[in-house]
Amino acid sequence: MQRRNVVGNPLGTASAAGAESELPPYTDLLWPTVQAVIGLGGSGAIDEIDAAVAERVGLSAEARAVLHGEGPGTEIEYRVAWARTYLKGMGLLSNARRGVWSATDRGRAVRESEIRPMQIAYTAEKRRKRMVRASSGAQVVPLVAAPEDPELWREPVLGAVTDLPDDGFERLVTAMLRAAGFKTLTTLDPDQSTDADVVEGTGVLRVSLISFSVFFRFVRGRERVGADVVREFRAAMVGRGEKGLLVSTGEFTEDARAEAHRHGAPPIDLVDGEGLCDLLKEHGLGVRTTRRTVEDVALVPAFFAELAGR
């Protein structure tokens, strides 16, 4: 296993390992995180919450400096991000504004003894939804991220996308489209857009020997995207591209998917939050995959039986 580095640590790998051992798993940070937000007056910026959680769990300066992988973020920041994502799914935190998290009424009232059962129920519900999608033909990508649920790696990725400033979100969109093979990208001037959480524009995509123009729109911050958004996108697409690509950090409703492929209307390709994460993983944009070798060891009774003369 790759050892994480500790910034400015002159004591070598032994001290680094000791600092890393101080770090609790993100599941143990759920209660300290919700309490940290409440302690900040009910809401706080990400860096404030990270610092408050580290203070509450009594982390040393060395432990706070342990990098996640090769950085630039720290391991405690990464684990608190997981905790915030879980708490949002459990209904205890919200982030109506990018980079600012608030305690909900339920979060203010929750007791520490209720946290673990709520986390288990939330994880089970996520697993159930994935099973439903898998049975309908949706792709499920196995990737170890958390011992409780190997599929939840996408959630902190989507959280990171949501927390990006507007210009950072636009840079992510253009980087991903270029990595996917788009040429001559042009994005709409932000001053012309009525929604800071929307990046749209045109580009030329080359597939083998064929090139075609694409009108794209990336939408973040919505958990559910309905047919009205698809219809609005199709209207904006007229005269701007041969193909349409609509990407959301949330989920498309069944009505939205039906509208995207409605008979007699130009088809629109939809990519939801899970698909967006898969693309970021595929192109190595903010997501690193580490492959591990696992040994399956089994007893061969016949070998010992032969030695024993049986």
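Residues numbered from 1 in each chain as written. Predicted model: local features only at pLDDT ≥ 70, side-chain atom pairs only at ≥ 80, totals over all residues. Heavy atoms only, no water.

### Quick word on a nonpolar patch on the surface
Now for step 1: A contiguous nonpolar patch, built from Leu-299, Val-300, Phe-303, Phe-304 and Leu-307 and spanning about 560 Å² of accessible area, is present on the exposed surface.
Now for step 2: Tracing the backbone shows Val-300 in the loop between helix 12 (273-282) and helix 13 (301-307). (Patch = residues over 30% accessible without salt bridge, like charges linked within 9 Å, V, L, I, M, F, W, Y side chains within 5 Å. Areas by Shrake-Rupley, 256 points an atom, 1.4 Å probe, with all protein chains shown as cover. Salt bridge = Lys/Arg side-chain N within 4 Å of Asp/Glu carboxyl O. Helix = DSSP H or I, 4+ residues; strand = E, 2+ residues; numbered from the N terminus.)

### Looking at the nonpolar core
Now for step 1: In terms of nonpolar packing, the biggest core is built from 30 residues, with Tyr-86, Leu-87, Met-90, Leu-92 and Leu-93 touching the most fellow members.
Now for step 2: Among the secondary structure elements, those contributing two or more residues to this core are helix 2 (30-39), helix 3 (46-56), helix 5 (75-89), strand 3 (100-103) and helix 7 (112-135).
Now for step 3: With residues near it in sequence (within four places) discarded, Leu-87 still touches Leu-30, Thr-33, Val-34, Leu-92 and Leu-93.
Now for step 4: With 24 residues, the next largest nonpolar core counts Leu-158, Phe-212, Leu-245 and Val-287 among its residues. (Core = buried A, V, L, I, M, F, W, Y, C linked by side-chain atoms within 4.5 Å. Buried < 20%, exposed > 50% of the residue type's maximum accessible area, 1.4 Å probe, protein only. Contact = heavy atoms within 4.5 Å.)

### Focus on the sheet that holds strand 3
Now for step 1: If you trace the 3 strands from one edge of the open sheet to the other, you get 1-3-2, paired in antiparallel fashion. Each end of this open sheet is capped by a strand with a single partner; those strands are strand 1 (43-45) and strand 2 (93-97). On average, each strand axis in the sheet is inclined to that of its neighbour by 30°, with strand direction left out of account.
Now for step 2: Relative to strand 3, strand 1 runs antiparallel, the two sharing 3 bridges. Residue pairing across strands places Gly-44 opposite Trp-101, the latter belonging to strand 3. (Pairing = 2+ DSSP bridges. Axes fitted to C-alpha atoms, helices over the stretch in contact; angles between N-to-C directions.)

### A word on unusual backbone geometry
Now for step 1: Positive phi outside glycine occurs at Thr-184, with the angle close to 45°.
Now for step 2: With respect to the element layout, Thr-184 can be found in strand 4 (residues 182-187).
Now for step 3: A relative accessible area of 60% means that Thr-184 is categorised as exposed.

### With respect to the confidence of the model for the protein chain
Now for step 1: Confidence in the prediction of the protein chain, expressed as mean pLDDT, is 81, and 83% of residues score 70 or more.
Now for step 2: Mean pLDDT across the elements of the protein chain bottoms out in helix 1 (residues 12-21) (60) and peaks in helix 2 (95).
Now for step 3: Counted against residues more than four places away or in other chains, residues 1-14, with its pLDDT under 50, gives 24 contacts. (pLDDT = per-residue confidence, 0-100.)

### A closer look at helix 9 (residues 166-179)
Now for step 1: Along its 14 residues, helix 9 runs 20 Å from first to last C-alpha, staying within 8% of the 20 Å computed at 1.5 Å per residue.
Now for step 2: Of the surrounding elements, those touching the buried residues of helix 9 are helix 8 (154-163), strand 4, strand 5 (198-207), strand 6 (210-219), strand 8 (243-248) and helix 12.
Now for step 3: Immediately beyond the C-terminal end of helix 9, within one or two residues, lies Gly-181, with a positive phi of roughly 110°. (Expected span 1.5 Å × (residues − 1).)

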